[in-house]
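Tertiary structure, described
Spelled out from the first residue to the last, the chains are:
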Amino acid sequence: MTVMGCIADDFTGATDLAGLLARSGASVNLRIGIPDTSPVDTADFEVIALKCRTSPVEEAVTECKTALAWLQKTGAERFFWKYCSTFDSTAEGNIGPVAEALMAELGTSQTFYCPAFPENGRSIFMGHLFVGEQLLSESPMKDHPLTPMRQSSLVALLEPQVSKPVGLANRLVVEQGADALRARMASLHDENVAHVVIDAVSNDDLQVIGEVCADMALGTGGSAVAMPLPDIFRKKGLLGPPSASAETAVPHGGSIVLSGSCSAMTQAQVAAYAPEVMAFKLDPLDLADNGASLAKEWLLSQKSKASILIYATAEPAKVKQAQEKLGVARAGALVEEALAELAQVALKAGIRRFVVAGGETSGAVTKALGVDKLTIGQEIAPGVPWTFTKSDGHDIALTLKSGNFGAETFFADALGMLE
């Protein structure tokens, strides 16, 4: 029986969560999209990857409720709504509306929010989200092309998205331990506070949160707050002993990096990798006029052993120029569609190792490759594992990287790990 069912709002976030849960030796299934059959061969943790982070609110809510219904069929009684560790959303949603909809379906009156990921420099203090030493609103996330984050207070971000009161359990409470946090949650519940933001600046804080919230019907947050749960469930007798990861053969064939993210870290990763390999830069304005034909011709002209990078990664000013001429939605869609099409061309050309950067890009590429389930492999960086699956009958290796994750050498590190 599945102990916890998880819903992620994008594909990179889903692999991030699955990878951290798999660290514990628990069994994890990562399913791409909502399965169209009843649950079979279920794992301790079932993770469903959706592509709803920037969908219209009603569409995101409907899709997540359908995912929840499937996960309930696994026998799970605890559920987790996973979103980005930088709380990517708008004043309309989708984080809060989905959480409230899931709460209503589960009949629960309180949930918590904790996108902290200390290993990757995401911390919450007095309700404010930090990226490294910068407030979220002062970090490069302020210029995100789809969800520019101009506010750092998670309470202030969440309040417009939900219909019920929002409260805070701050670090002064969390550092006192589980009993203090439990009392604070109960006090807020008595005040009819349904949505509780919880501070965390270290993995010790995440452990305290896990001990208090492990038995809640619904938890929400970044992947790291779920990381302590397998060991907590094991102590409760809900999980068996850790098991070794299954050995997965590394597929033979060429490799390609497809980057659509425009995050500051991905810009640095592209800058570090491009001079060392065969690289092609996509321009949304050119894609609007000519499609991906030039990029496809270039890709097919490369030698089979070549290391290849195709990217639309650009600095904020360039992104804004394209958005002003094409519109935000169309500019993003053109890049996603081109990279998805190029992934299909690469597969037919014999490429079997894919590194994909960016949440929206990862969703588009994974769907284009017809992937429906991933086996979790070794972590390349915190929250970014290799995964293995089949596409069109071929074994492939696939890593889906959130824009801001990984070191500057991530692309070379990832592919080097498979050698």
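Above this note sits the structure.
1. Some points on a nonpolar patch on the surface
Among the surface-exposed residues, Phe125, Met126, Leu172 and Val201 lie close enough to one another that they form a single nonpolar patch of about 310 Å² accessible area. Relative to the helices and strands, Val201 resides in the loop between β10 (195–198) and α7 (203–213). Overall, the relative accessible area of 33% leaves Val201 in the partly exposed class.

2. Description of the pattern of salt bridges
Close approach of charged atoms allows side chains of opposite charge to pair. What the rule picks out here adds up to 21 salt bridges. Arg53 is the salt-bridge partner of Asp9, the closest N and O atoms lying 2.8 Å from each other. Of this pair, Asp9 sits in the loop between β1 (4–8) and α1 (11–22) while Arg53 sits in the loop between β3 (45–49) and α2 (57–72), placing them 44 residues apart in sequence. The exposure classification of Asp9 matches that of Arg53, with both residues buried. The partner of Arg353 in a salt bridge is Glu419, with the nearest N and O atoms 3.1 Å apart. Within this pair, whereas Arg353 is found in strand β15 (residues 351–357), its partner Glu419 is found in the segment after α15 (410–417), the two being separated by 66 residues in sequence. Judged by relative accessible area, which is 10%, Arg353 ranks as buried. Beyond isolated ion pairs, a larger network of salt bridges with shared partners links Asp9, Asp10, Arg53 and Asp88.

3. Here we look at unusual backbone geometry
For the bond from Gly93 to Asn94, the omega torsion is 20°, close enough to zero to count as cis. Structurally, Asn94 can be placed in the loop between β4 (78–82) and α3 (95–106). Unlike most non-glycine residues, Asp41 shows phi in positive territory, near 50°. Relative to the assigned elements, Asp41 resides in the loop between β2 (28–32) and β3. Not every positive phi belongs to a glycine, and Phe87 is a case in point at roughly 55°. You can see Phe87 is positioned in the loop between β4 and α3.

About the cut-offs
- Residues numbered from 1 in each chain as written.
- Predicted model: local features only at pLDDT ≥ 70, side-chain atom pairs only at ≥ 80, totals over all residues.
- Heavy atoms only, no water.
- Patch = residues over 30% accessible without salt bridge, like charges linked within 9 Å, V, L, I, M, F, W, Y side chains within 5 Å.
- Areas by Shrake-Rupley, 256 points an atom, 1.4 Å probe, with all protein chains shown as cover.
- Salt bridge = Lys/Arg side-chain N within 4 Å of Asp/Glu carboxyl O.
- Helix = DSSP H or I, 4+ residues; strand = E, 2+ residues; numbered from the N terminus.
- Buried < 20%, exposed > 50% of the residue type's maximum accessible area, 1.4 Å probe, protein only.

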